[in-house]
Amino acid sequence: MDNRYQAYRQVELNTTNRGKIVVMLYSGAITFLNKTKMYMEKKDYENKSKYFTKALNILDELNVSLDMQKGGEIAKNLKSLYLFLDRFLNQANFENSTEKIDRAIQILESLHSAFEEVIKNPEFQEAQSISKMEQAQNCIRKIV
């Protein structure tokens, strides 16, 4: 069963556009941080660590997948934001701060919403190829 699910997910990822993948990654990070917070409150440090690591891995993937040449200012701002979130979340983990986890979740939810709006836009194909950079930059500026 697990192999079939993995195969399905791989096909889904291979046929999904980049914008939708980014939205899916944000959703995953938010889910994992909520689980981190839940296990933090239960003092279940093994599961807290497991889900915290998954959330950080997603942030790392988002960061390394940025195309700094094509993305220009947007990619630069997102890189700064991802690096900030990484440091902030590590501090939250060290302090067992659910408040800081909540703040990171709020930031990720804002990014999630912004990217959902971008991919809903009929001009998304142009934005995806960065030819509509102004529109994408305005969307990112709202949250950065």
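From a predicted model like this one, the values you see are computed outputs, not experimental measurements.

Conventions and cut-offs
Sequence order as written defines residue numbering, which begins from 1 separately in each chain. A pLDDT threshold of at least 70 governs which residues receive local features in this predicted model, and a stricter bar of 80 or more applies before side-chain atom pairs are shown or counted, although totals over entire chains, interfaces and linings include all residues. Each side-chain value is derived from all of the structure's non-hydrogen atoms; neither hydrogens nor water enter the calculation. In this description, a nonpolar core means a group of buried Ala, Val, Leu, Ile, Met, Phe, Trp, Tyr and Cys residues linked to one another through side-chain atoms lying within 4.5 Å. Only protein chains enter the accessibility calculation, which uses a 1.4 Å probe; a residue is then buried when its area is under 20% of its type maximum, exposed when over 50%, and partly exposed in between. Note on conventions: DSSP H or I runs of at least 4 residues are helices, E runs of at least 2 residues are strands, and numbering of each starts at the N terminus. Here a pair means two rings of Phe, Tyr or Trp (six-membered ring of Trp) with centres within 6.5 Å. Their orientation is stacked below 30 degrees between planes, edge-to-face above 60, and tilted elsewhere. Here the expected length of a helix is defined as 1.5 Å per residue gap, with one fewer gap than residues. Here the bend at a residue is taken as the angle between two axes, fitted respectively to the seven residues that end there and the seven that start there. Each polar contact in these results corresponds to two N or O atoms within 3.5 Å; when the atoms are within protein, one needs to be able to donate a hydrogen and the other to accept it, and residues that are neighboring in sequence are counted only if both atoms are side-chain atoms.

So what about the nonpolar core? Which residues, and what values?
Tyr26 and Leu108 are the most contacted members of the largest nonpolar core, which has 30 residues in total. Breaking this core down by element, the ones donating at least two residues are α2 (18-41), α3 (45-64), α4 (68-95) and α5 (98-120). Per-element tally for this core: the top contributor is α4, with nine residues.

Could you give an account of the environment of asparagine 63, naming the residues involved and the relevant values?
On the secondary structure map, asparagine 63 appears in helix α3. On the accessibility criterion, asparagine 63 (10% relative accessible area) is buried. In this structure the C-alpha to C-alpha distance between asparagine 63 and leucine 78, which are 15 residues apart in sequence, comes to 7.6 Å.

Explain the packing of aromatic side chains residue by residue, including any values.
Applying the stated criterion across every chain yields a total of four aromatic pairs. Considering the side-chain rings of phenylalanine 84 and phenylalanine 88, the 5.3 Å spacing of their centres and the 25° angle between planes classify their relative orientation as stacked. One end of the pair, phenylalanine 84, and the other, phenylalanine 88, are both in helix α4, four residues apart, so they sit about a helical turn from each other. Here the aromatic cluster, defined as three or more aromatic residues joined through ring pairs, consists of Phe32, Tyr39 and Tyr51.

I'd like a description of unusual backbone geometry, backed by residues and values.
Positive phi outside glycine occurs at lysine 43, with the angle close to 60°. You can see lysine 43 is positioned in the loop between α2 and α3. Using a relative accessible area of 58% as the deciding quantity, one classes lysine 43 as exposed. The backbone phi angle of asparagine 96 is positive, close to 55°, even though this residue is not glycine. The partly exposed category is assigned to asparagine 96, whose relative accessible area is 33%.

Please set out α4 residue by residue, giving values where relevant.
For α4, with 28 residues, the first-to-last C-alpha span of 33 Å runs short of the 40 Å given by 1.5 Å per residue. Taking the largest bend as the criterion, α4 deviates by roughly 75°, centred on isoleucine 74. Every buried residue of α4 is listed here: Gly71, Ile74, Ala75, Leu78, Leu81, Tyr82, Leu85, Phe88, Leu89 and Ala92. Two or three places before glutamine 69, at the start of α4, stands the capping residue aspartate 67, its side-chain oxygen 3.2 Å from that residue's backbone nitrogen. Looking at the residues trailing α4, positive phi occurs at asparagine 96, about 55°.

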